Amino acid sequence: MIVFDNVTKRYPGSIDAISNASFTIEQGELVYVTGHSGAGKSTLLKLMAAIERPTNGTVLINNQNVSKLKEATLPFIRRKFGLVFQDHKLLYDRNCFQNVALPLAINGITGQEAAKRIRAALDKVGLLGREKSMPITLSGGEQQRLAIARAVVSKPSILIADEPTGNLDKNYAEDILALFKAFQQVGVTVIIATHDALGRTDADNQTGHEITHHENKVLHLNQGKLINPTNSEVIV
Amino acid sequence: MKTWLIHHMQALRLVLSRFQKNRLGTLLICLSIGVTLALPSVAYIILDNLNGLVSSVKSESQISVFLTEKHDTALVSGIEKILKQNPAIQNVIFVSKQDALEQLTAIDANKSLLDSLQGNPLPDAFFVEPKMLDATSIESLKNELSKIQGVETVLVDGVWIKRLNSLLFLGKKILIILAGLLGFALIAVIGNTIRMQVLTQSAEIELSRLIGATKSFIRRPFLYVGGLYGLGGGALALMITWVMILFFNQTIKAIANSYQSDFNLHFLSFAEILVVLIISTALGWISAYFSLSSSAKRT
Ligand SMILES: Nc1ncnc2c1ncn2[C@@H]1O[C@H](COP(=O)(O)OP(=O)(O)O)[C@@H](O)[C@H]1O
Ligand SMILES: [Mg+2]
């Protein structure tokens, strides 16, 4: 599905944002990417979604080597992903419906078929009644849900969310996490970056082993290095 | 193929809805394109019409050299030789008095007049086409020719037509340069407008790139905007030109009437209208293309 082999990412004029990361993510997994701010979580997600290319090592997405692909084919790889960005990236000059329509338009889906899917996506996140609202009139949690609706509207097989609960209070955050788990339940691979490791504030000192009562994989980053590589997952 | 069509329809619909939202701005841009294009169009029409007028006037610019009444064929061939060797002369035609008379009698209206005459009153003549048409060259050539033995009179006529012709030629050159310069100006204006639009839509462009939009998906709407600005501008240019021609013709008719002429300016033909629209659309498209390439990092 997604395979990282000894991947290093260095931005021009900075230290390695990711160094020597190796891991595999299978279809249908729920993966948390944890670490302090600046640890490289966003960079890792961008490498997974073919938004950034590795400086060294190989990134395989469905057996396609991202470094070897032509620039012109990257957009088609990116369409396999549903992305929820750290800063939402909602378009504030158009309403909820039109925001969710964009990924479909990119895939060439318009008209009745698009409208049906957009309403289904809005319904899933509980915003069906708000399709005509402008994003600015939504609360923080609602905006986050709108961003999720946009990410899932084209039915991607992989959903990637960058700190989706970052600015939300606890109740909202749990709603959002429940939403992601529902997608995982129907077979979607879900990858979530979170700086507080799901409620724990002190992720830096700990490894992913201790995290959890869920059946998840955790990729814990510290200054660009993976602390608990591939097989440290799954504690029931 | 089908998705290709869908993408184009999508871009077109998006662009039209943006125009709808910003009607005044769109109209103003098309208007400035229209005015800019109307200028060379009107100049073209005037030149083209004058061209038609000039070529419809049959008499070529020439110098008529009439010979004295008494001469023999040796003198004629001698003069012909002199004329043909003169470097200031382009072409020489000899018309004998018999030929001239036959030409005149061929026209019915002259018959009764000629019948009343006895003999042939016409002289032998050479018709000389000069190379240079400025006043001094013509004058010196005329002097030179009248000094030749056996030449009676030298008449200059029709030179103004040739002069007008070379003026028209100059006018056409100026028109081409003018059109080229205005074309550049248009590319700058449309390109700049589109660059501004790219800037105001940078959030959408960035997002689209991140979620898998191809380069052409992002660029297509802007290319349509450019092309449609050009098309709209071209249509307005034609309307402006048409109104100006109507306006000119009111005055021209009055002048032409006083010369017993029915000359007036003709509007562009269907093919020429098509050419104007195609050129203006292409200009808009090219402007958009350049402006997108120059802000390539964003798009
Ligand atoms: N586009 C970029 N250019 C240069 N440096 C960057 C860029 N993006 C991130 N970085 C650097 O890479 C490191 C990791 O950043 P990031 O992946 O955003 O971490 P996180 O998401 O965990 O906060 C940081 O030191 C950051 O400054
Ligand atoms: Mg981040």
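Residues numbered from 1 in each chain as written. Chains lettered and ligands numbered in written order. Predicted model: local features only at pLDDT ≥ 70, side-chain atom pairs only at ≥ 80, totals over all residues.

Novice: Even after reading the chapter, I still don't get the overall build of chain B, so can you show me in this structure?
Specialist: Looking only at helices and strands, chain B features 10 helices and four strands. Mapped in sequence order, the helices and strands of chain B form the string α-α-β-α-β-α-α-β-α-β-α-α-α-α. Relative to the compact-globule value of 19 Å for 299 residues, chain B shows a C-alpha radius of gyration of 31 Å, a clear excess of over 25%. Dimensions along the principal axes, computed over C-alpha positions, put chain B at roughly 100 × 40 × 35 Å. (Helix = DSSP H or I, 4+ residues; strand = E, 2+ residues; numbered from the N terminus. Rg over C-alpha atoms; globule rule 2.2 N^0.38 Å.)

Novice: Would you take a moment to explain the overall build of chain A for this structure?
Specialist: Looking only at helices and strands, chain A features six helices and 10 strands. Counting over 236 residues, chain A shows a buried share of 43%. Pairs at least 24 apart in sequence give 66% of the contacts found in chain A among residues at least 6 apart. (Buried ≥ 20, exposed ≤ 12 C-beta atoms within 10 Å, placed from the backbone. Contact = placed C-beta atoms within 7 Å.)

Novice: Is there a simple way to explain the nonpolar core in this structure?
Specialist: Among soluble globular proteins, nonpolar side chains are generally buried collectively. Membership of the largest hydrophobic core comes to 70 residues, with the highest contact counts inside it found for V33, A149, L159, I160 and I191 of chain A. Listed in part, the 24 residues of the second largest apolar core include A11, I190, I194 and W285 of chain B. (Core = buried A, V, L, I, M, F, W, Y, C linked by C-beta atoms within 7 Å.)

Novice: Explanation requested: the interface of chain B and chain A in the structure shown.
Specialist: By convention, interface size is frequently given as the accessible area that disappears when the constituent parts associate. Contacts between the two partners involve 14 residues from chain B, matched on the other side by 14 residues from chain A. Within the residue set of the side of chain B that touches chain A, elements represented by two or more residues are helix 1 (2–21) and helix 8 (202–210) of chain B. If you tally residues by element for the side of chain B that touches chain A, the top one is helix 8 of chain B, at five residues. Its residues placed into classes, the side of chain B that touches chain A shows seven nonpolar, six polar and one charged. (Nonpolar A, V, L, I, M, F, W, Y, C, P; charged D, E, K, R; others polar.)

Novice: Help me understand the domain arrangement of chain B, please; the structure alone is not making it clear to me.
Specialist: Here chain B is partitioned into domain 1 (2–57 + 163–294) and domain 2 (62–157). Taken over C-alpha atoms, the centre of domain 1 of chain B sits 53 Å from the centre of domain 2 of chain B. (Domains from an automatic or database assignment.)

Novice: Would you mind showing me how to read the sheet that holds strand 1 (residues 2–10) of chain A here?
Specialist: Across a sheet, paired strands are connected by hydrogen bonds in the backbone, their directions being either parallel or antiparallel. All names here are of chain A. Taken together, the four strands give an open sheet; going across it, the order is 2-1-4-5, and neighbouring strands pair in antiparallel fashion. Either end of the sheet is taken by a strand with one partner, and the two such strands are strand 2 (16–25) and strand 5 (64–65). Judged from the two bridges that link them, strand 4 (residues 56–61) and strand 5 form a sheet pairing that is antiparallel. The residue bridging I61 from the neighbouring strand is Q64, located in strand 5. Across the face of the sheet, helix 1 (residues 41–48) comes into contact with strand 1, strand 2 and strand 4 while running at roughly 55° to strand 2. (Pairing = 2+ DSSP bridges. Axes fitted to C-alpha atoms, helices over the stretch in contact; angles between N-to-C directions.)

Novice: Got a minute to help me understand the pairing of strand 4 of chain A in this structure?
Specialist: The two faces of a sheet get side chains in turn, since along a regular strand they alternate between them. Residues and elements named next belong to chain A. Pairing analysis gives five bridges linking strand 1 to strand 4, with the strands arranged antiparallel. The partner of F4 across the bridge, within strand 4, is V59. In this structure, the hairpin formed by strand 4 and strand 5 is closed by a connection of two residues, where N62 is found at a positive phi of approximately 45°.

Novice: I tried to follow the sheet that holds strand 2 (residues 89–95) of chain B on my own but got confused; where do I start?
Specialist: Residue and element names in this part refer to chain B. In space, the four strands of this open sheet follow the order 2-3-1-4, with antiparallel pairing throughout. The open sheet is flanked by strand 2 and strand 4 (151–157), the only strands paired with a single partner. Taking each pair of neighbouring strands and ignoring which way they run, the sheet shows an average axis angle of 20°. Where strand 1 (residues 62–67) and strand 3 (residues 125–130) come together, four bridges link them in antiparallel fashion. Its bridge partner being in strand 3, V65 is matched across the sheet by F126.

Novice: How should I be thinking about the packing of helix 3 (residues 96–106) of chain A against helix 4 (residues 111–124) of chain A in this particular structure?
Specialist: The relative placement of two packed helices is expressed as an angle between their axes plus a distance between the axes. All names here are of chain A. Remark: helix 3 packs on helix 4, axes separated minimally by 9 Å, with the N-to-C direction vectors making an angle of 115°. The crossing of helix 3 and helix 4 is right-handed. Here helix 3 contributes C96, F97, V100, A101 and L104 to the contact with helix 4, which in turn contributes A114, R117, I118, A121 and L122. Here the contact of helix 3 with helix 4 is built from residues that sort into nine nonpolar, no polar and one charged. (Left-handed = near helix turned anticlockwise from the far one by under 90°.)

Novice: I tried to follow helix 5 (residues 140–152) of chain A on my own but got confused; where do I start?
Specialist: All names here are of chain A. When the terminal C-alpha atoms of helix 5 are compared, their 19 Å separation across 13 residues agrees well with the 18 Å that a helix rising 1.5 Å per residue should span. Of all the 13 residues making up helix 5, 10 are buried; the element is thus mostly covered by neighbouring parts of the structure. Restricting attention to buried positions, one finds in helix 5 the residues Q143, Q144, R145, L146, A147, I148, A149, R150, A151 and V152. Tucked into the core, helix 5 has its buried residues touching strand 6 (81–84), helix 3, helix 4, strand 7 (158–162) and helix 6 (170–185). (Expected span 1.5 Å × (residues − 1).)

Novice: For this particular structure, what's the right way to read the environment of T251 of chain B?
Specialist: Looking at the secondary structure, you find T251 of chain B in helix 9 (residues 215–258). Taking the C-alpha atoms as reference points, T251 of chain B and N264 of chain B, 13 residues apart in sequence, are found 9.4 Å from one another.

Novice: So what exactly am I meant to see when it comes to unusual backbone geometry here?
Specialist: Trans is the prevailing form of peptide bonds, just as negative phi is the prevailing case for residues other than glycine. All names here are of chain A. Not every positive phi belongs to a glycine, and N20 is a case in point at roughly 50°. Its location among the elements puts N20 in strand 2. The backbone of K89 sits at a positive phi, close to 55°, despite the residue not being glycine. Along the chain, K89 turns up in the loop between strand 6 and helix 3.

Novice: In this structure, what is going on with the environment of L228 of chain B? I would like to understand it.
Specialist: With respect to the helices, strands and loops of the structure, L228 of chain B is situated in helix 9. Measuring from C-alpha to C-alpha, the distance between L228 of chain B and L246 of chain B comes to 27 Å, with 18 residues separating the pair along the chain.

Novice: Any chance you could explain the packing of helix 1 of chain B against helix 9 of chain B here in plain terms?
Specialist: All names here are of chain B. Two numbers describe how helix 1 lies on helix 9: the axes approach to 9 Å, and their chain directions differ by 55°. Of the possible angle classes, the one that applies to helix 1 and helix 9 is oblique. With respect to the hand of their crossing, helix 1 and helix 9 are arranged in right-handed fashion. Between helix 1 and helix 9, the contacting residues are H7, A11, L12, L14 and V15 on the first element and F217, R220, P221, Y224, V225 and L228 on the second. (Parallel < 35°, antiparallel > 145°, perpendicular 65-115°, else oblique.)

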